[in-house]
Amino acid sequence: MHDNTTLIRARIRRFVSERVTPALYRTSSPLTISAWEVPDEPVPFAEALGQEFTPFAIGSPWGKPWGTTWFHVTGVVPEDWSRFGQLETRTEILVDLGFLSGQAGFQAEGLVYNPEGRILKAVEPFNNYVPLEVGPGGVVDVYVEAASNPDVGSDWTFLPTPVGDKATAGTEPIYRLRRMDVALLDTAVWQLDRDIWTLLGLMEELSADLPRTAEIMRALEAVTDAMDPDDVSGTAHLGRAILAPILALPAYASAHRIVAVGHAHIDSAWLWPVRETVRKCARTFSNVLQLMDEDPNFIFACSSAQQYAWMKEHYPQLFARIRERAIEGRFVPVGGMWVESDTNMPGGEALARQLLAGKSFFMREFGVEPLEVWLPDSFGYTAAFPQIVAAAGSKYFLTQKISWNETNTMPHHTFNWEGIDGTRVFTHFPPVDTYNSLLSGEELARAQRQYSEKGASNVSLVPFGYGDGGGGPTREMLAAAKRTESLEGSPSVRIASPRAFFEEAEGSYPNPPVWSGELYLEFHRGTYTSQAKTKSGNRRSEHLLREAELWATAATLRTGADYPHERIEAAWQTVLLNQFHDILPGSSIAWVHQVAEQTYAAVRVELEDVIAQALAALAGPDAGELVAFNASPFAVSGVAALSAAPRTAPATLRVEARDGGFVLENSAVRVVIDARGLLVSLVDLSTGREAVPAGEPGNVLQLFRDTPTQWDAWDLDEHYQRTGVELLEADSVDLVSQEPGRATVRVTRTFGSSTVAQDLTLLGDQATLDIVTRVDWHERQKLLKLAFPLDVHADRAASEIQFGHIYRPTHVNTSWDAARFETCAHRWVFVGEPGFGLAVANDSTYGHDIGRRTRAGGGTTTTVRESLLRAPTFPDPSADQGVHVLRTSIGITPDVIGAAEQGYRVNLPLREVSGAAVEPVVTSTCASIVVEAVKLAEDRSGDVIVRLYEARGARATGSVQFGFPVGQIVETDILERTVEPVAVTGAADNGVRLSVRAFQIVTLRVSVAS
């Protein structure tokens, strides 16, 4: 037989595109349209219904960027459609809002209501129909809330765009209405179209020399021969009959098993604002519910309690339908988090609260506790996460994003992920390499081909549905799943829940491989730095929440003051929302970050008021001496941890002008600042040890060209290191403050279009130099770093992460080391030798790089650099412009506990109030058993919740004592449910004794004795 494969395949494709696809609808008829444009922000249905609608014609422009237009669509199904019969037809409304060729969810969308306000379904670029339950002569009457969202992201040119900000987006219409018809779907042709699509996709993936490949091709060729191209509707049954036996051949017994999970990854903000995400959720969820009404086997999984909470608040009728399906087990809450957060930058307590808030919501609203943590799209995963997941009562973890690695390929798809404390969580990384699958032949074949655990396990998960901007699964995807349940040559597909997948995978793979440590994403490293004001808002809010809970708890216990549950919960929910993986990382449009900064400011005002009220209650009505409230778990300036007392008297400082610079000295360290404002000496006076290498000053600002190859706000590429300049010369270096216990040198510099003023302060009672850097930043596509070369031989560096720290190598031996050229740290990093080290702490910086080099004369220099600011131009062309205040502290300390102490001090400044001293509510007798949170229980019982963790990275013992009469003390999980004791070894004086493993998290629930 001659090989005419190429011609046959071309003929099949043309037959489908020119004959089958145009025949999907037998006929259509235009509807009557009127419209009302909302003047500004969206309004609810009831408000829109009372407006004046004016006639609107097909072909007319509509919709300014970020606008809303309500269309009232009316008409009658033509009587003569009765000639088509009803057995293989379906009446639908077809809508084309002027859809673009780009992605679903990134452009115009609409939500369709009946006149009574019931949501019917959404219309979107690849899902633009609304089923009608009326026949010929029936009345059509619907309202379409059409959102004219600009398509910011489909072409990915990464050029600056004005449309991400309402103030610069313009007001001219950006869409043109193309279609509002009532139409008659030919269900037989639609089923044929799905048969062909499935087999074509499979054929393209099979090897050309397989008999199965030729069998499919010849069957499809036979369809084109048998069917009448002028009567596709009348001959569709012939085509389906030819393909039926081909579709009926079962999958190989050894075929890869795929659990398909209906899904719609809806970014809680990204290239659209949070307020639009609320509507995206309603549109997507209405699509899902409509599919569930038609397909009893369809299961949909959705994460993010925040998105359900929005439905409850804004769309209560839709939420009631979701609850009904959730109770049935078909609309499945997964993840158990408030949002799909970033996991690199949120603090430990914040990640715990993500799970506490999320799981509590799902359990309260649906009676369901998700056991899977579901983060397909976050930008890497902290090594602290397995323990946090387990401590919240969850068992499984799913991610997809590691498939984006630029350098190294993750060696596993199903594995146990081990965290810093040794906790392991069963983890799956879908080999399909997408969380927006269409269930195409290409995707199914890729999942089977790439699955790493072949021979040991044979099942993977595929999330299917339009995502990022929402949309979710479609009837076409469900048809694909049905046809590939068991199909020769294809993996076998079944729709099920995430829980069903994990239980099958875990049961079939009892000894999976182990990945220990962080799941570092070798990509998107710029997200540790972009949008510094958003990051500062997060850090400040986390620490204000710590203070608010601590002092409010103390005020309740000491004075009987009411605990502000609702105010604190609302603040937490705002902070948790802003930790979403496109908000906190700085990768959203300008509008998103403007709102984030506004909400952080509101949180700050609210929490400062909560704190002030608590401190006033604790200090008492009579003005006394000044007492300092210390929220740190370590003593500061003579004030014990978690208490209030007068500061110790300020120690004497020596200040000397020298060669245009200054020498600052206290009893612990001597600091030399030269005429350029650079740190040229830092000496430990107890040993005489110099920390700054000769000729390599610290406090050096470095400016780099920052033009990533791909994603501007997301990426920091290795080549930035080849284009840096050091900003060594100063405009001025002046001693601006000298008082007992404190001296400050101010350094000013000018570069490009920006200015910097740094205050370098030495306190009398600290072995640290505190640096406040004020930058009026007006650069574009530049990176500003602050460098500290240190005379320390360190082959690894410790960086604080949630509830502990992680060591990363300072050398570059492997491709894994080389790819980790920018890393995330929280409040501090530490480099040291036995008995001597230095900590660099910060109050809002996350991006760092730490490297080592050998000096020409011998010895090594370890350089710590903080990434202070970036200036990406996409998707926010004004990112990071303006004034920033960043705090850094460099100090001598022998170990990581000293670094932790320094990090807390920088982030939790003392608060001075006139009044009485306050004893601590809780005291840890072991320095490495650190109190991270003190609050009242979520159940409003009045019990006190104390969360602690081991901070050194070694087994520790000690006691925890309480400053109030205690009743029962039990260990709990993060959800504050009693668990079997692991850390508590016995009673202590009004407390308990603890024995904890390295980095272990312990939560205690303490009842107050009457």
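See the structure printed just above.
Residues numbered from 1 in each chain as written. Predicted model: local features only at pLDDT ≥ 70, side-chain atom pairs only at ≥ 80, totals over all residues. Heavy atoms only, no water.

> Which parts of the structure should I look at to understand the overall build of the protein?
Across its full length, the protein carries 18 helices and 53 strands. Against the 2.2 N^0.38 benchmark of 30 Å for 1010 residues, the protein shows a C-alpha radius of gyration of 31 Å, consistent with a compact globule. Judged by the C-alpha coordinates and their principal axes, the protein covers about 100 × 65 × 60 Å. Across the 1010 residues that make up the protein, the buried fraction comes to 62%. In the protein, of all internal contacts separated by at least 6 residues, the share reaching a separation of at least 24 is 74%. If you sum the accessible surface of the protein, you get close to 35400 Å²; carbon and sulfur atoms cover 51% of it. Averaging the positions of the 88 positive and the 126 negative side-chain charges in the protein gives two centres separated by 2 Å. (Helix = DSSP H or I, 4+ residues; strand = E, 2+ residues; numbered from the N terminus. Rg over C-alpha atoms; globule rule 2.2 N^0.38 Å. Buried < 20%, exposed > 50% of the residue type's maximum accessible area, 1.4 Å probe, protein only. Contact = heavy atoms within 4.5 Å. Areas by Shrake-Rupley, 256 points an atom, 1.4 Å probe, with all protein chains shown as cover. Lys, Arg positive; Asp, Glu negative; His and termini not counted. Charge placed at Lys NZ, Arg CZ, Asp CG, Glu CD.)

> Help me out: how do you make sense of the packing of aromatic side chains in this one?
The geometry of two aromatic rings is summed up by the distance between their centres and the angle between their planes. One pass over the full model with this rule turns up 48 aromatic pairs. Plain terms: the ring middles of tryptophan 711 and tryptophan 714 are 5.1 Å apart, the flat faces sit at 75° to each other, and that makes the pair edge-to-face. The class of tryptophan 711 is buried, set by a relative accessible area of 11%. Following the ring pairs from residue to residue traces out a cluster consisting of Phe285, Phe298, Phe300, Tyr308, Phe319, Phe331, Trp338, Phe361, Phe362 and Phe366. Over the ring of tryptophan 404 we find lysine 401, and its NZ or CZ is 3.4 Å from the ring centre. (Phe/Tyr/Trp six-rings, centres within 6.5 Å; stacked < 30°, edge-to-face > 60°. Lys NZ or Arg CZ within 6 Å of the ring centre and 35° of its normal.)

> Explain empty space enclosed by the protein here, please?
Sizing a probe to match a water molecule and rolling it over the atoms shows the empty space that remains. On inspection of all chains with the given rule, the structure shows seven cavities of 30 Å³ or more. Within this model, the largest cavity holds a volume of roughly 240 Å³. If you go around the largest cavity, you meet 22 residues; those closest to its centre are Gly347, Gly348, Glu542, Arg827 and Glu932. Counting only elements with at least two residues in the lining of the largest cavity, the list comes to helix 9 (348–366), helix 14 (532–559), strand 37 (796–801) and strand 47 (929–936). Per-element tally for the lining of the largest cavity: the top contributor is helix 14, with six residues. (1 Å grid on protein atoms, 1.4 Å probe; cavity = no way out; pocket = protein on both sides within 12 Å on 5 of 7 lines; lining within 4 Å. Points joined across faces, edges and corners; volume = space filled by probe spheres on them.)

> Explain the pairing of strand 36 (residues 782–790) to me, please; I cannot follow it from the model alone.
On any regular strand, side chains alternate: one points to one face of the sheet, the next to the other face. Across the nine residues of strand 36, eight count as buried, placing the element largely inside the fold. As paired elements, strand 30 (residues 700–705) and strand 36 share six bridges and run antiparallel to each other. Bridge pairing in strand 36 places glutamine 702 opposite lysine 785. As judged from the seven bridges shared by strand 36 and strand 43 (residues 860–869), these two strands associate in the antiparallel manner. Bridging across to strand 43, leucine 786 finds its partner in glutamate 866. (Pairing = 2+ DSSP bridges.)

> Explain the sheet that holds strand 29 (residues 689–690) here, please?
Backbone hydrogen bonds are what pair the strands of a sheet, in a parallel or an antiparallel way. On the basis of which strands lie adjacent, the open sheet formed by five strands has the order 25-26-27-28-29 and antiparallel pairing. Edge positions in the open sheet fall to strand 25 (654–658) and strand 29, since each of these has one partner strand only. As paired strands, strand 25 and strand 26 (residues 661–665) are joined by five bridges and run antiparallel to one another. Across the sheet, arginine 658 pairs through a bridge with glycine 661, a residue of strand 26.

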